Each structure stands twice: as C-alpha cells, then as structure tokens.
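If you want the building blocks of each chain, they are given just below.
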Amino acid sequence: MASTKICAFDELEPNEAVKVEIDGVPIVVVRDAAGDVFAIGDTCTHGDISLSEGFVEDDTVECWAHGSKFSLKTGKPLNLPAYEPVPVFKVDLIDGDVYIDPSVIVPV
C-alpha cells in the first residue's frame, strides 16, 4: 500500500488531534509544539473511544472517557485503565505535505 496524502503540514494546528481514515483504518494525527507530526491508531484500547476527541499534552493524547494517556511516539498507554498499545504509523513530510501509510506500523 502506498502512502496517502493527509493534508498540508500547515493545516495541522499544534497540539490538536485530527482524525483521518485511510482504507478503513482510523488514525489520529497530531502535530506537537515542536513541529513533529505523529500518527497513531485512533481507537482507545480500553473503551473503543476515538482518541482524536481527547486531549493532547506534550507527547501524549488522552482518552476523554477514562483518562488513559497514550504516547504519540510508542503508542503505549502510560496509565490505566488501558494496558494495550495502539499502533504507530510512519509519517512522511514531502514538499510541505503530510503522508501516512497505514500498512507500515513503526516498531517500538
């Protein structure tokens, strides 16, 4: 599967979560305060809740329903009640645009 253009880098607001779906795969995309872009699975592993509706802080996104925070770098939950990680996807920045390939899961 090839990478899919999601948006222009400048369209991503710092510390805001954006939900995208590529070939049926829900993904939350975040541009952090330092300008790095991350893409992780959008579904909380505890409560089947969209993480894009949660809160971004530092290098985490927090599920609004039960408070589990997930690392944007590793996908691992940092607190309970979630204990299973979400997938982390490879992000490419090409000519000012953000591309994601949902078939390429970054090993952590």
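Residues numbered from 1 in each chain as written. Predicted model: local features only at pLDDT ≥ 70, side-chain atom pairs only at ≥ 80, totals over all residues. Heavy atoms only, no water.

Looking at an unreviewed UniProt entry, one finds the protein chain named Non-heme iron oxygenase ferredoxin subunit and attributed to Cryobacterium mannosilyticum.

Caption draft 1: Structural detail: the side chain of R31. In this structure, R31 sits in strand β3 (residues 25-31). An unpaired buried charge is present at R31: no salt bridge exists, and D10, the closest side chain of opposite charge, is 4.8 Å distant. There is a polar contact of 2.8 Å between the side chain of R31 and the backbone oxygen of L12. Aside from chain neighbours lying at most four places away, what touches R31 is F9, D10, L12, E13, P14, N15, E16, D36 and V37. (Helix = DSSP H or I, 4+ residues; strand = E, 2+ residues; numbered from the N terminus. Buried < 20%, exposed > 50% of the residue type's maximum accessible area, 1.4 Å probe, protein only. Lys, Arg positive; Asp, Glu negative; His and termini not counted. Salt bridge = Lys/Arg side-chain N within 4 Å of Asp/Glu carboxyl O. Polar contact = N/O pair within 3.5 Å; in protein donor to acceptor, adjacent residues only side chain to side chain. Contact = heavy atoms within 4.5 Å.)

Caption draft 2: Fine view of the sheet that holds strand β8 (residues 88-94). Sheet architecture is open: six strands sit in the order β1-β9-β8-β4-β3-β2, paired in antiparallel fashion. Two strands in the sheet have a free side with no partner beyond their single neighbour: β1 (4-8) and β2 (17-22). Along the sheet, successive strands turn relative to each other by an average axial angle of 30°, direction set aside. Bridge analysis of strand β4 (residues 37-41) against β8 gives two bridges, and the strand direction is antiparallel. Among the inter-strand pairings, A39 is bridged to a residue of β8, identified as F89. (Pairing = 2+ DSSP bridges. Axes fitted to C-alpha atoms, helices over the stretch in contact; angles between N-to-C directions.)

Caption draft 3: Region of the structure containing the pattern of salt bridges. Scanning the entire structure with this criterion turns up five salt bridges. Taking the shortest distance from any N to any O, the salt bridge between D42 and K19 comes out at 3.7 Å. Here D42 is found in the loop between β4 and β5 (55-57), whereas its partner K19 is found in strand β2, with 23 residues between them in sequence. A salt bridge links K90 to D92, with the nearest nitrogen and oxygen atoms 2.5 Å apart. On the basis of relative accessible area, K90 is assigned to the partly exposed category, the value being 36%.

Caption draft 4: Structural detail: the sheet that holds strand β6 (residues 60-62). An order of β5-β6-β7 is seen for the three strands of this open sheet, with the pairing classed as antiparallel. Looking at the sheet topology across the chains shown, the edges are occupied by β5 and β7 (69-71). Here the strands of the sheet are splayed against their neighbours by 25° on average, with no regard to which way each runs. Across three bridges, the pairing between β6 and β7 is antiparallel. Its bridge partner being in β7, T60 is matched across the sheet by S71.

Caption draft 5: Inspection of the nonpolar core at higher detail. Judged by nonpolar contacts, the single largest core of 16 residues is most densely connected at I40, L51, V61 and F70. Of all the elements in the fold, those that place two or more residues in this core are β3 and β4. By size, the runner-up hydrophobic cluster in this structure holds twelve residues, among which are L12, I27, F89 and V98. (Core = buried A, V, L, I, M, F, W, Y, C linked by side-chain atoms within 4.5 Å.)

Caption draft 6: Representation of unusual backbone geometry. Residue P81 follows L80 across a cis peptide bond; omega there is 15°. Inspection of the secondary structure puts P81 in the loop between β7 and β8. Look at N15: it is not a glycine, yet its phi comes out positive at around 60°. Classification of N15 as partly exposed rests on a relative accessible area of 29%.

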